[in-house]
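# Report on the structure
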Amino acid sequence: MSSHSCRSLYLADQVREIDRRVIAASAEPGDDAAGFALMRRAGQAAYAELRRRWPEARRLSVLCGSGNNAGDGYVIAALAACEGLSVQLLAVREPEALKGEAARAHEMAVLAGLRAEPWQADTSLDGEVVVDALLGTGLGGEVREPYAGVIEAINASGRAVMAVDIPSGLAADSGAVLGCAVRADLTVTFIADKLGLHTGQAADQVGELAFRDLGVPAEAHENLTPAAEYLGAGIVGEALPPRARGSHKGDFGHVLVVGGAPGFGGAALLASQTAARLGAGKVSLATAPEHVAASLTRTPEVMARGVRGVSDARPLLDGADVIVVGPGLGQGAWGQGLLQAALEVGKPLVVDADALNLLVTCWPGTRRDDWLLTPHPGEAGRLLDCSGGEVQADRLAAVKRLQAERGGTVILKGAGSLVAGPSGVGLCPFGNPGMASGGMGDVLSGLLGALVAQGLTLESAGRVGVVLHARAADRAAAGQGERGLLAGDLASYARILANG
Ligand SMILES: NC(=O)C1=CN([C@@H]2O[C@H](COP(=O)(O)OP(=O)(O)OC[C@H]3O[C@@H](n4cnc5c(N)ncnc54)[C@H](O)[C@@H]3O)[C@@H](O)[C@H]2O)[C@@H](O)CC1
Ligand SMILES: [K+]
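The structure presented is a predicted model; accordingly, all values stated were derived computationally and were not measured.

## What to know about the overall build of the chain
Summing up its helical and strand segments, the chain has 17 helices and 18 strands in all. Taken along the three principal axes of its C-alpha coordinates, the chain extends 80 × 45 × 45 Å. Put simply, the chain has 500 residues, and 55% of those count as buried. Within the chain, contacts between residues at least 6 apart in sequence are counted, and of these 72% link residues at least 24 apart. The average position of the 43 basic charges and that of the 54 acidic charges among the side chains of the chain differ by 6 Å.

See the structure below:
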């Protein structure tokens, strides 16, 4: 995929290694000048973003911790003072304890005429913009006092907030809030973009994200495998070029959706309808007989067949190019029998919902290359024998483990969906809370089936599918709002996006 569509996301240890390489490449051993030069560039970049976002601001409150993140804060404070802004400079730890480049950054603030006041519980933040330079990538474990109290005070202040590198309290690797975290309006991150700014709870903390690479050369990233690739909107057009004029329906594959146990018809209808809308050549639905009339009424293009058991489903399974199994499948004998038949027929599979739950109980050790699993955090937790909360606490680790154990491609749904496949992990930066409603997963599974039917590999379908799904939801919400967004609203927007 082109660099235009993807950006690499790194872990804190990797960013530290990149810093180390840049500094080692440009300094004599033991000399902190190169480290300080990098820190000055970081402070300058952040200050420039602050001025861009809040050009009218005349007074800043800059809160500094005790590591290099604080160093960036002291540089910002010095630059603001030199430009004539008034600066309330607050130190959570005494600046005398700072070391290396952070100590030099503090000296820079002193030379600019500033004196850091110690943070007190009753300190009031009077800047129009608060600069959070408390904790960066060096955060380890739950936020301790006095930092926790400072973070609460920032969030309660009602002031505009710019976070330096990462909102303090947010884990740079997982995007987990470690007890409490700053809620920023703008985060300026440096050198390499961090996974934790895009997954877990990041969406509620980061605000606008500005990434500044500080001119670090590409060699500094050599041999570091990014934790994930940021999936850009451009991957959809790259994977779905315009169709040849002489195309016929046989060129675009046959999707079979298997689901809709008695009493659970809606999910399979949504999946099959979406598969048809997203360009599959043909779509069949194997469902309980009672749902057939509803499907024919709603989407006559879908060939809906009532199946009482496996023997009714066999010809449908044999005729499909890709099978979407799980929406409304249930976990009873009907669903179990159909899943077994789908697993045995040797076609690419999209496995969702109850089919995932059945994998836990009936096929615990099964792994294969030709399936795409689409769990939400709860289903992922069941597959990994842990809680959904544990999955959310480290989504990257969870999706990688699941892919390693089960093979194929795995989509871990939820804000910042992750797609783990043979070539690594992709992260979807799109989507909105309107997607937290029933049927969204069924629409995704149908959409994935349509993409596989049109010739995408399972991994590519996973990456393109999450982007298409989430961007369609963003378009739908832009028109009519997030609250009340229906899964069925997505297909028409996804169709537009899939056609460029
Ligand atoms: N030369 C460099 O290495 C550069 C570093 N940069 C900045 O440096 C940051 C990383 O600096 P550091 O590695 O010094 O780390 P940080 O400044 O992020 O934090 C380290 C400090 O936080 C404290 N701390 C850690 N976990 C805590 C917890 N749970 N509760 C309370 N306090 C805790 C530690 O005691 C330590 O004093 C980056 O995020 C970035 O802002 C940038 O200036 C670019 C250049
Ligand atoms: K910070």
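## Describing the UniProt feature "binding site: AMP" (unreviewed entry) in the chain
Under the local residue numbering, the UniProt record ascribes the feature "binding site: AMP" (unreviewed entry) to Lys413, Gly414, Ala415, Gly416, Ser417 and Gly441. Topologically, Lys413 is positioned in the loop between strand S16 (409-412) and strand S17 (418-421). For Lys413, the contacting residues outside a window of four places in its chain are Asp352, Thr374, Pro375, His376, Pro377, Arg395, Gly441 and Leu444. For Gly414, the position within the fold is in the loop between S16 and S17.

## Observations regarding the nonpolar core
Within the largest apolar cluster, 53 residues are counted, with the highest numbers of intra-cluster contacts made by Tyr74, Leu89, Met162 and Phe190. Those residues in contact with Tyr74 that lie beyond four places of it in its chain are Cys64, Leu89, Ala91, Pro95, Leu98, Ala105, His106, Ala109 and Ala116. Val302, Val322, Val419 and Leu490 belong to the second-largest nonpolar core, a separate cluster that totals 52 residues.

## Concerning the side chain of Gln403
As for its placement among the helices and strands, Gln403 is situated in helix H14 (residues 395-406). We classify Gln403 as buried; its relative accessible area is 19%. A polar atom in the side chain of Gln403 sits 2.8 Å from the backbone oxygen of Gly408. The residues contacting Gln403, other than those within four sequence positions of it, are Arg367, Gly408, Val410, Ala420, Gly421 and Pro422.

## Some words on the UniProt feature "domain: YjeF C-terminal" (unreviewed entry) in the chain
UniProt's feature table lists "domain: YjeF C-terminal" (unreviewed entry) at residues 232-500, given in the numbering used throughout. With 48% helix and 14% strand, the stretch residues 232-500 has end C-alpha atoms that lie 14 Å from each other.

## Description of the coordination of the potassium ion (ligand 2)
The protein atoms that coordinate the potassium ion (ligand 2) are Asn69 (OD1), Asp132 (O), Leu135 (O), Val164 (O), Ile166 (O) and Ser168 (OG), at distances spanning 2.6 to 3.1 Å. For the potassium ion (ligand 2), the 6 donor atoms in the first shell make angles of 65 to 174° at the metal, so the coordination geometry reads as irregular. In primary-sequence terms, the residues that donate to the potassium ion (ligand 2) follow N-x62-D-x2-L-x28-V-x1-I-x1-S. Of the two residues, Asn69 sits in helix H3 (residues 68-82) while Asp132 sits in strand S5 (residues 129-133), which places them 63 residues apart along the sequence. Pair check on accessibility: Asn69 and Asp132 agree, each one buried.

## Quick word on the site of ligand 1
Taken together, the neighbourhood of ligand 1 is formed by 25 residues, with Ser66, Asn69, Asp72, Gly136 and Asp165 sitting nearest. Within the backbone of Thr137, one N or O atom sits 3.0 Å away from an oxygen atom of ligand 1. In this structure, Asp165 approaches ligand 1 through a side-chain N or O atom, which is 2.5 Å from an oxygen atom. At the level of elements, helix H1 (12-26), helix H2 (33-53) and H3 are the ones that each hand at least two residues to the shell around ligand 1. The leading source of residues in the shell around ligand 1 is H2, at 4 residues. Looking at side-chain class alone, the shell around ligand 1 contains 9 nonpolar, 10 polar and 6 charged residues.

## So, the domain arrangement of the chain
Taken domain by domain, the chain comprises domain 1 (6-226) and domain 2 (234-498). Between the C-alpha centres of domain 1 and domain 2 the distance comes to 41 Å. Counting residues at the interface gives 9 residues for domain 1 and 9 residues for domain 2. Connecting domain 1 to domain 2 are 0 salt bridges. Our count for the domain 1 to domain 2 interface comes out at 2 residue pairs in polar contact (both at pLDDT 80 or more). Of the residues in the side of domain 1 that touches domain 2, the class split is 5 nonpolar, 4 polar and no charged.

Here is what the cut-offs are and how they apply
- Residues numbered from 1 in each chain as written.
- Chains lettered and ligands numbered in written order.
- Predicted model: local features only at pLDDT ≥ 70, side-chain atom pairs only at ≥ 80, totals over all residues.
- Heavy atoms only, no water.
- Helix = DSSP H or I, 4+ residues; strand = E, 2+ residues; numbered from the N terminus.
- Buried < 20%, exposed > 50% of the residue type's maximum accessible area, 1.4 Å probe, protein only.
- Contact = heavy atoms within 4.5 Å.
- Lys, Arg positive; Asp, Glu negative; His and termini not counted.
- Charge placed at Lys NZ, Arg CZ, Asp CG, Glu CD.
- UniProt positions renumbered as here; feature names shortened; annotations may be inferred.
- Core = buried A, V, L, I, M, F, W, Y, C linked by side-chain atoms within 4.5 Å.
- Polar contact = N/O pair within 3.5 Å; in protein donor to acceptor, adjacent residues only side chain to side chain.
- Donors = N, O, S within 2.8 Å, 3.2 Å for Na, K, Ca; no water.
- Tetrahedral: all angles 85-135°; square planar, octahedral: opposite > 155°, others 65-115°.
- Near = heavy atom within 4 Å.
- Nonpolar A, V, L, I, M, F, W, Y, C, P; charged D, E, K, R; others polar.
- Domains from an automatic or database assignment.
- Salt bridge = Lys/Arg side-chain N within 4 Å of Asp/Glu carboxyl O.

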